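Residues per chain are reported as follows:
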Amino acid sequence: METIKFKGTPVHTYGTLPSTGSEAPCFKLTRSDLSELYCHDLKGKRIVLNIFPSLDTSVCATSVRKFNEMASRLENTVVVAISKDLPFAQARFCTTEGIDHVIAASAFRSPEFSKNYGVEMVDGPLAGLLARAVVVIGEDGKIIYEELVPEITHEPDYDAVMKALK
């Protein structure tokens, strides 16, 4: 269990992020077109998991826009934007915002994702949603960077993510 904050109030997660150097847990998520996205679909690429509570918040939307911009400049790298938003809402957001370098994926049917990655908030006003985190997985399937953002209302450290990818 990790302690993070939402507007200064402590909130807890189900578990902890997998640590740098460990094998990334495999995942199954739902794409905007309702097809499944499996970890093995991205094998051999570097994978950035941008995990957040909901696209209906300004900080989450900003992070997806920034990662979309970053993804357009990265080779052999896939960015997956993950929340429990319904795939229809994710598709609408991506279309409206011109998000075309990020794969939007929902964990709404994948409770094992939030448990395996330790990102489900178990208390506070956002209980049941995903905490804000970034996990970067190398081409070999091992985690090369992880960040659980300590305050939900803050953005992740984009510079640290880019540094991990160099």
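J.: What's the story with the packing of aromatic side chains in this structure? I'm lost.
T.: Within a pair of aromatic rings, the relevant descriptors are the distance that separates the centres and the angle that separates the planes. By the definition in use, this model includes three aromatic pairs. Their ring planes at 90° and their centres at 6.3 Å tell us that phenylalanine 27 and phenylalanine 113 sit as a pair that is edge-to-face. Of the two residues, phenylalanine 27 is situated in the loop between strand S2 (9-12) and strand S3 (28-31) and phenylalanine 113 in helix H3 (residues 111-116); the sequence distance between them amounts to 86 residues. In this structure, phenylalanine 27 and phenylalanine 113 share a single accessibility class: buried. Here phenylalanine 67 and tyrosine 158 contribute two aromatic rings whose centre-to-centre distance is 5.3 Å and whose plane-to-plane angle is 65°, an arrangement assigned as edge-to-face. Within this pair, whereas phenylalanine 67 is found in helix H1 (residues 58-71), its partner tyrosine 158 is found in helix H4 (residues 158-165), the two being separated by 91 residues in sequence.

J.: I'm lost on the side chain of threonine 13 in this one. Help?
T.: Along the polypeptide, threonine 13 turns up in the loop between S2 and S3. Judged by its relative accessible area of 0%, threonine 13 is buried. For threonine 13, the side chain forms a polar contact with the main-chain oxygen of glycine 118, separated by 3.5 Å. Beyond its immediate stretch of four places on either side in the chain, threonine 13 contacts Met1, Glu2, Ile4, Gly118, Glu120, Met121, Val122 and Ala131.

J.: In this structure, what is going on with the pattern of salt bridges? I would like to understand it.
T.: Pairing between side chains of opposite charge can happen when their charged atoms approach one another. On inspection of all chains with the given rule, the structure shows seven salt bridges. Two residues, glutamate 155 and lysine 66, come together in a salt bridge whose shortest N-O distance is 3.2 Å. Highlighted residues: glutamate 155 in the loop between strand S9 (143-148) and H4 and lysine 66 in helix H1, separated in sequence by 89 residues. Arginine 73 is the salt-bridge partner of glutamate 69, the closest N and O atoms lying 3.5 Å from each other. The network of salt bridges with shared partners includes Lys84, Lys115 and Glu120.

J.: How should the state of the cysteines be read in this particular structure?
T.: In protein chemistry, a disulfide is the covalent bond that joins the sulfur atoms of two cysteines. Under the definition given, this model contains one disulfide. Paired through a disulfide, cysteine 26 and cysteine 39 show a sulfur-sulfur distance of 1.6 Å. Between cysteine 26 and cysteine 39, the S-S dihedral sits near -60°, and the bridge is therefore left-handed. With cysteine 26 in the loop between S2 and S3 and cysteine 39 in the loop between strand S4 (36-38) and strand S5 (46-51), this residue pair connects regions lying 13 residues apart in the sequence. For cysteine 26, a relative accessible area of 47% gives the class partly exposed. Cysteine cysteine 60 is unpaired, with the sulfur of cysteine 94 as its nearest cysteine sulfur at 13 Å.

Rules behind the numbers
Residues numbered from 1 in each chain as written. Predicted model: local features only at pLDDT ≥ 70, side-chain atom pairs only at ≥ 80, totals over all residues. Heavy atoms only, no water. Phe/Tyr/Trp six-rings, centres within 6.5 Å; stacked < 30°, edge-to-face > 60°. Helix = DSSP H or I, 4+ residues; strand = E, 2+ residues; numbered from the N terminus. Buried < 20%, exposed > 50% of the residue type's maximum accessible area, 1.4 Å probe, protein only. Polar contact = N/O pair within 3.5 Å; in protein donor to acceptor, adjacent residues only side chain to side chain. Contact = heavy atoms within 4.5 Å. Salt bridge = Lys/Arg side-chain N within 4 Å of Asp/Glu carboxyl O. Disulfide = S-S within 2.5 Å.

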